[in-house]
2 protein chains.
Amino acid sequence: MGMRYLEDFKPGEVIELGSVTITRDEIIAFARQFDPQVFHTDEAAAAGTMYGGLIASGWHTGSLMMRLLHDGFVRHTAGLGSPGIDELRWLKPVRPGDTLSARMTVLETIPSRSKPDRGILRSLLEMRNQQDEVVVSVRGLSLLGRRPATPGEPPRPA
Amino acid sequence: MGMRYLEDFKPGEVIELGSVTITRDEIIAFARQFDPQVFHTDEAAAAGTMYGGLIASGWHTGSLMMRLLHDGFVRHTAGLGSPGIDELRWLKPVRPGDTLSARMTVLETIPSRSKPDRGILRSLLEMRNQQDEVVVSVRGLSLLGRRPATPGEPPRPA
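A few points on the structure.

A few words now on the pairing of strand E4 (residues 118-128) of chain A. All names here are of chain A. The element E4 is extensively covered by neighbouring structure, given that 9 of its 11 residues are classed as buried. In this sheet, E4 lies alongside strand E3 (residues 99-111) in antiparallel orientation, the contact comprising 10 bridges. Paired with Thr105 across the strands is Leu124, a residue of E4. Hairpin geometry of E3 and E4 is characterised by an intervening segment of 6 residues between the two adjacent antiparallel strands. Sheet topology note: the E4/strand E5 (residues 134-145) ladder contains 11 bridges and is antiparallel.

To continue, consider the packing of aromatic side chains. Any pair of aromatic rings gets described here by the distance separating the centres and the angle formed by the planes. All told, the structure shown has 11 aromatic pairs over all chains when counted by the stated rule. Taking 5.8 Å as the distance between ring centres and 85° as the angle between the ring planes, the aromatic pair formed by Phe30 of chain A and Phe34 of chain B counts as edge-to-face. Pair noted here: Phe30 of chain A is in helix H1 (residues 24-34) and Phe34 of chain B is in helix H1 (residues 24-34), and the two residues belong to different chains. Pair check on accessibility: Phe30 of chain A and Phe34 of chain B agree, each one buried. Aromatic pair Phe39 of chain A and Tyr51 of chain A: ring centres 4.9 Å apart, planes at 65°, arrangement edge-to-face. Note that Phe39 of chain A is positioned in helix H2 (residues 38-41) and Tyr51 of chain A in the loop between helix H3 (43-46) and helix H4 (58-72), a separation of 12 residues in sequence. Residue class for Tyr51 of chain A comes out buried when judged on its relative accessible area of 16%. Chaining the aromatic ring pairs together yields one cluster made of Phe30 and Phe34 of chain A together with Phe30 and Phe34 of chain B.

Right, let's talk about the pattern of salt bridges for a bit. Taken as a whole, this structure holds 26 salt bridges over all chains when the rule is applied. One salt bridge connects Asp117 of chain B with Arg118 of chain B, and the closest N-O pair in it is separated by 3.0 Å. Judged by relative accessible area, which is 16%, Arg118 of chain B ranks as buried. A salt bridge links Glu126 of chain B to Arg128 of chain B; its shortest N-O distance comes to 3.7 Å. By relative accessible area, Glu126 of chain B is classed as buried at 16%. Where salt bridges share partners, they join Arg24, Asp25 and Glu43 of chain A into one cluster.

Once turned by 180° and shifted 0.0 Å along the axis, chain B lies on chain A with an RMSD of 0.0 Å. Look at the turn and shift together and you get a two-fold axis relating the two. When each C-alpha of chain B is compared by its distance to the rotation axis, Glu87 of chain B comes out closest, at 2.7 Å. Here 100% of the interface residues in chain B have copies in chain A that are interface residues too; the copies meet face to matching face.

The strand order across the open sheet formed by 10 strands is E1(A)-E3(A)-E4(A)-E5(A)-E2(A)-E2(B)-E5(B)-E4(B)-E3(B)-E1(B), and the pairing between neighbours is antiparallel. Whereas interior strands pair on both sides, the edge strands pair on one side only; in this sheet they are strand E1 (14-21) of chain A together with strand E1 (14-21) of chain B. Pairwise comparison of adjacent strand axes, ignoring direction, gives a mean angle of 20° for this sheet.

Cut-offs and rules
- Residues numbered from 1 in each chain as written.
- Chains lettered and ligands numbered in written order.
- Predicted model: local features only at pLDDT ≥ 70, side-chain atom pairs only at ≥ 80, totals over all residues.
- Heavy atoms only, no water.
- Buried < 20%, exposed > 50% of the residue type's maximum accessible area, 1.4 Å probe, protein only.
- Helix = DSSP H or I, 4+ residues; strand = E, 2+ residues; numbered from the N terminus.
- Pairing = 2+ DSSP bridges.
- Phe/Tyr/Trp six-rings, centres within 6.5 Å; stacked < 30°, edge-to-face > 60°.
- Salt bridge = Lys/Arg side-chain N within 4 Å of Asp/Glu carboxyl O.
- Least-squares fit on C-alpha atoms with pLDDT ≥ 70 in both.
- Contact = heavy atoms within 4.5 Å.
- Axes fitted to C-alpha atoms, helices over the stretch in contact; angles between N-to-C directions.

This is how it looks when you write it as structure tokens:
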């Protein structure tokens, strides 16, 4: 797959980003480091909470989605990082053994007014579990490079 | 510190959440697992990017903020998880050796209409580096329990 630039994406394009399975040990290891709430770190105690068992930290789920976004999108693009997220919703608990599949829908591309070599891609990212329930949705922003001018071509419109 | 419930927080309250120092090895280890863009994983290659050197994945920065939020807020509250984030902005790069200090400002508390034992706390979370620059800001949502009724007290207004 060749490198894709900002102008190569059109609103409505859907990109399947692959899937990942999360384990009990990974949930606990991540949570001990970053989010040691009892329903993320202690299987027995988690059973007595409103979640009824161990669930992954939302930051863990988001980081797994980032990895799928990297492998299925960012590494094939002129990616320059991200200014942020417009909205994130953790919609369903993620549990040990869940297989999570991510999908990106392009919403809009916005060339920078001040920097003609780059722009923002707005997307909707959704990750579903094996029951096809959306567990997390993110309205994300990606900073992407624009296609470099080829010698002999007319300059890009401003 | 006693357990705090939804009604114990008032708009405008500021809670200092402590600080954490991030290392080069931590940046690379997190990024290899979750966000292997070159400016997060390869010090030499990162020097040639627009960031001029290694920077932390935004998901790493966010996860570190979650840890400070846990230690300085969540573990002293009747925390029930989070439905999401209304806005997140990665404002400045985070580099090896940076010391990051987090602060939470309470924006609003919203009792649930359907579940009288809980409600949402909206907050602004900001993490600053040692130059007092805000590196990440998050408008976050926390699900908190309400204070249980004490026997003999009048019932809570609906």
